Amino acid sequence: MISRKQLLTLAMLTLMWGINWPMMKFSLRELSPLYFRALTMTAGSLFLYSWYRAQGLRMLPQGAEWRSVISLGIPNMLGWHTVSILGVRNWPRAVRPSWASPCRSGRCCWARFSWASI
């Protein structure tokens, strides 16, 4: 069974994911796409660094971990962020399908983890 903490985390993740696309669409009316992405990535990086540093966890990859970080990070940064910037900026109705996506994903996670505990 899903614990209360896991359910709350899933609900918050779904809510933040759902709010992300409309906020990006509204923000791109005022900011250039690359400036917006640089701002959000910097803020997110600083938050994650502070959070994990406060918990005493190691922050820098070591040795062979760099290969994984680079091979996963570069396609993410170049692919996902480029496509999302262009998509949200150029397609006015791009928000509608993406807004429903967290709801569908949340239901799938709920079903998956509820069934796993039976």
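Before reading on, note that the structure itself is shown above.
To keep things clear, this report deals only with the structure shown in the data block.

Parameters and conventions
Residues numbered from 1 in each chain as written. Predicted model: local features only at pLDDT ≥ 70, side-chain atom pairs only at ≥ 80, totals over all residues. Heavy atoms only, no water. Helix = DSSP H or I, 4+ residues; strand = E, 2+ residues; numbered from the N terminus. Contact = heavy atoms within 4.5 Å. Areas by Shrake-Rupley, 256 points an atom, 1.4 Å probe, with all protein chains shown as cover. Expected span 1.5 Å × (residues − 1). Buried < 20%, exposed > 50% of the residue type's maximum accessible area, 1.4 Å probe, protein only. Arc of directions from axis to C-beta. Lys, Arg positive; Asp, Glu negative; His and termini not counted. Salt bridge = Lys/Arg side-chain N within 4 Å of Asp/Glu carboxyl O. Bend = angle between axes of the 7 residues up to and from the residue. Patch = residues over 30% accessible without salt bridge, like charges linked within 9 Å, V, L, I, M, F, W, Y side chains within 5 Å.

Bringing the overall build of the protein into the picture now. A count of helices and strands for the protein gives four helices and zero strands. Of the regular secondary structure in the protein, the N- to C-terminal order runs α-α-α-α. The contacts in the protein between residues at least 6 apart in sequence include a share of 76% that link residues at least 24 apart. Summing over all exposed atoms, the protein offers an accessible surface of approximately 9,500 Å²; the carbon and sulfur share of this is 69%.

As a further point, take helix H2 (residues 33-54). Note on helix geometry: an α-helix contains 3.6 residues per turn, so any two residues three or four positions apart are oriented the same way. Helix length check: H2 (22 residues) gives 31 Å between terminal C-alpha atoms against 32 Å at 1.5 Å per residue, within 8%. Those residues of H2 that sit buried are Pro 33, Phe 36 and Arg 37. Buried residues of H2, seen end-on, are gathered within an arc of 90° and therefore sit on one face of the element. Turned more than 90 degrees from where H2 packs its buried face, Leu 34, Leu 46, Arg 53 and Ala 54 sit exposed. Once H2 finishes, Gly 56 follows within two positions and takes phi at roughly 75°, a positive value.

Before going further, it helps to spend a moment on the environment of Val 69. Relative to the helices and strands, Val 69 is located in helix H3 (residues 65-90). On the basis of relative accessible area, Val 69 is assigned to the partly exposed category, the value being 41%.

Among the structural elements, Arg 37 can be located in helix H2. Here Arg 37 sits buried without a salt bridge, and the closest side chain of opposite charge, Glu 30, lies 17 Å off (N-O distance). Residues contacting Arg 37, with those up to four places away along its chain left out, are Met 24, His 81, Ser 84 and Ile 85.

What follows concerns helix H1 (residues 4-27). A rise of 1.5 Å per residue sets the reference length of H1, with its 24 residues, at 34 Å; its end C-alpha atoms lie 34 Å apart and thus fit the reference within 8%. Its axis deflected by about 25° at Asn 20, H1 carries its strongest bend there, up to four residues before the proline Pro 22. Buried within H1 we find Leu 10, Thr 14, Gly 18, Trp 21, Pro 22, Met 24, Lys 25 and Ser 27.

For the rest of this paragraph, the subject is a nonpolar patch on the surface. Residues Leu 8, Met 12, Leu 15, Met 16, Ile 19, Met 23 and Phe 26 make up a contiguous nonpolar surface patch of roughly 680 Å² in combined accessible area. A relative accessible area of 45% places Phe 26 in the partly exposed class.

Attention now moves to the environment of Met 41. The topology assignment puts Met 41 in helix H2. Sequence-wise, Met 41 and Met 77 are 36 residues apart; in three dimensions their C-alpha atoms are separated by 9.8 Å.

The analysis is restricted to geometry; functional conclusions fall outside its scope.
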